[in-house]
Amino acid sequence: MESAIDEHLRCPRTRTRRVEDDYTPPYPVWSARADRAVTQVVMGYFGVQSLGAAQQGRACAALMRIARDFARPDGPLHHDLTHYVDAEGHDNMIAIAYWTDPAAFARWSATPEIDDWWQSEERLHEGLGYFREIVSPRVQHFETMFNTPDRLEGIGVAMGGVSGELQEHGYWGSMRDRIPLSQTDPMSPSGARAAIGDAPAPGRRVRIAGHEHVAMIRSGQEWTDTTGQERTLYLEEMEPVLREGMDFLRDQGLAIGCYSNRYMQHLDARGAPLQKSFGLSFWRSLADMERWAESHPTHVAIFGSFMRYVQALNFQLQLRVYHEVSVLKADEQRYEYVNCHARTGLMNGMG
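Residues numbered from 1 in each chain as written. Predicted model: local features only at pLDDT ≥ 70, side-chain atom pairs only at ≥ 80, totals over all residues. Heavy atoms only, no water.

A. Seen up close, the nonpolar core. Core analysis: the biggest nonpolar cluster contains 37 residues, and Met 43, Tyr 45, Ile 155, Met 216, Phe 282, Tyr 335 and Tyr 337 have the highest contact counts within it. Core analysis: the second largest hydrophobic core is formed by 29 residues, Ile 217, Tyr 234, Val 310 and Leu 319 among them. (Core = buried A, V, L, I, M, F, W, Y, C linked by side-chain atoms within 4.5 Å. Buried < 20%, exposed > 50% of the residue type's maximum accessible area, 1.4 Å probe, protein only.)

Written out as structure tokens, the structure is:
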């Protein structure tokens, strides 16, 4: 077993872990590993927002254009295509892209064909909404966890490597203990979100500034390989409970510190749904996320259904689960929304 914190990121702790050094977790998990030369990554969420069947064709074409641009020089190492329906009934298709070199991302995004299209006034007048949520955590500021060491997801694919079995998991507080910054920093939030320029509203280009230590989580599952009892348990017992919790965060999350939540499904290159989904949420702080996870009825129900699921299967799962968690400095966040409704993403609750 090894620590979730890679060796070169360890330092003398001034803040203690929640478990003793001889703790043994109940089942194995792994973390993604990157080359030591990687000091910061970029996670880009490139969204297209539409309303109703009449706009779907144009929205799909816009998403495909964004995805084609990923093939340009300095494009991402990995990307996913995803979809969800938000609280206002709008379809949101998002291409999620990952870089391990912020300079490469900067060159890619400054490419005239990409930047000119994004900055064009046409984006405000063609009837679709667009957004870019770009977060660039330093390696000290995020962690990943997978229940299998193969077929990594998200930033794990871009990082390219995998750890041995981890010690810091299977207990409340393990998420925090896996983040290298937690060795010395409480990661407390300060400041508040702020609109730069125009207030959130349709027909505008709105930029939102994030504050210190906004927390973000992408937590997903793939049931492609499940069969028989396991598939039935997931689809009929576990997934409905998960969806209820995701809908709660989407619709009522602001009151407990969740700025935005999307329960998303992966799409293939032709736009057909895959048997993979994830929740993506932004929080005022890691502590707010932890409180929801440890004590809120919606997450207690999710955790309980998962434990019943794994115990019924004697911990022999074909279901793949993972997450990536970042605690973001203010300078690691850039959010821009073009002709989107005021509850979109980090604009939620600011309109």
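B. Structural detail: the environment of Leu 166. If you trace the backbone, Leu 166 turns up in the loop between β7 (161-162) and α5 (174-177). With 84 residues separating them along the chain, Leu 166 and Thr 82 place their C-alpha atoms 29 Å apart. Each residue touching Leu 166, except ones within four places of it in the same chain, is listed here: Met 1, Glu 2, Ser 3, Ala 4, Pro 25, Val 29, Trp 30, Ser 31, Arg 33 and Arg 178. (Helix = DSSP H or I, 4+ residues; strand = E, 2+ residues; numbered from the N terminus. Contact = heavy atoms within 4.5 Å.)

C. Examining the sheet that holds strand β5 (residues 129-135) more closely. Across the sheet, which stays open at both edges, the 12 strands sit in the order β6-β13-β10-β12-β11-β3-β4-β2-β5-β14-β9-β8 with antiparallel pairing between neighbours. Looking along the sheet, the strands with just one partner apiece sit at the ends: β6 (142-146) and β8 (194-196). Averaged over all pairs of adjacent strands, the angle between their axes in this sheet comes to 20°, without regard to strand direction. Bridging between strand β10 (residues 214-222) and strand β13 (residues 320-328) involves 9 bridges; their strand directions are antiparallel. Paired with Ala 215 across the two strands is Val 327, which belongs to β13. Packing against the sheet, helix α3 (residues 112-119) makes contact with β5, β9 (205-209) and β14 (333-338), and its axis sits at approximately 125° to β5. With respect to the sheet, helix α6 (residues 228-252) is in contact with β3 (78-85), β10, β11 (258-267) and β12 (273-283), its orientation differing from that of β11 by roughly 145°. (Pairing = 2+ DSSP bridges. Axes fitted to C-alpha atoms, helices over the stretch in contact; angles between N-to-C directions.)

D. Main features of helix α7 (residues 286-295). Turning to α7, its buried residues number three or more, namely Leu 286, Asp 288, Met 289, Glu 290, Trp 292 and Ala 293. Summarising the contacts, the buried residues of α7 are in contact with α5, β10, α6, β12, α8 (297-312) and β13. Structurally, the start of α7 carries an N-cap: the backbone nitrogen of Ala 287 is 3.4 Å from a side-chain oxygen of Ser 285. (Polar contact = N/O pair within 3.5 Å; in protein donor to acceptor, adjacent residues only side chain to side chain.)

E. Just the pairing of β11, in detail. Where burial is concerned, most of β11 is hidden: 9 out of the 10 residues are buried. Pairing between β3 and β11: 3 bridges, direction antiparallel. The partner of Thr 82 across the bridge, within β11, is His 266. The sheet contact formed by β11 and β12 spans 8 bridges and is antiparallel. Its bridge partner lying in β12, Leu 267 is registered against Pro 273. Counting the residues in the hairpin turn of β11 and β12 gives 5 residues, including Gly 271, whose phi is positive at 95°.

F. Layout of the packing of α7 against α8. Close contact between α7 and α8 brings their axes to 5 Å; oriented N to C, the two are set at 60°. Here α8 runs oblique to α7, going by the angle between their axes. Every residue of α8 that contacts α7 at Trp 292, Ala 293, Glu 294 and Ser 295 is listed here: Pro 297, Thr 298, His 299, Val 300 and Ile 302. Looking at the contact of α7 with α8, its residues break down into 5 nonpolar, 3 polar and 1 charged. (Parallel < 35°, antiparallel > 145°, perpendicular 65-115°, else oblique. Nonpolar A, V, L, I, M, F, W, Y, C, P; charged D, E, K, R; others polar.)

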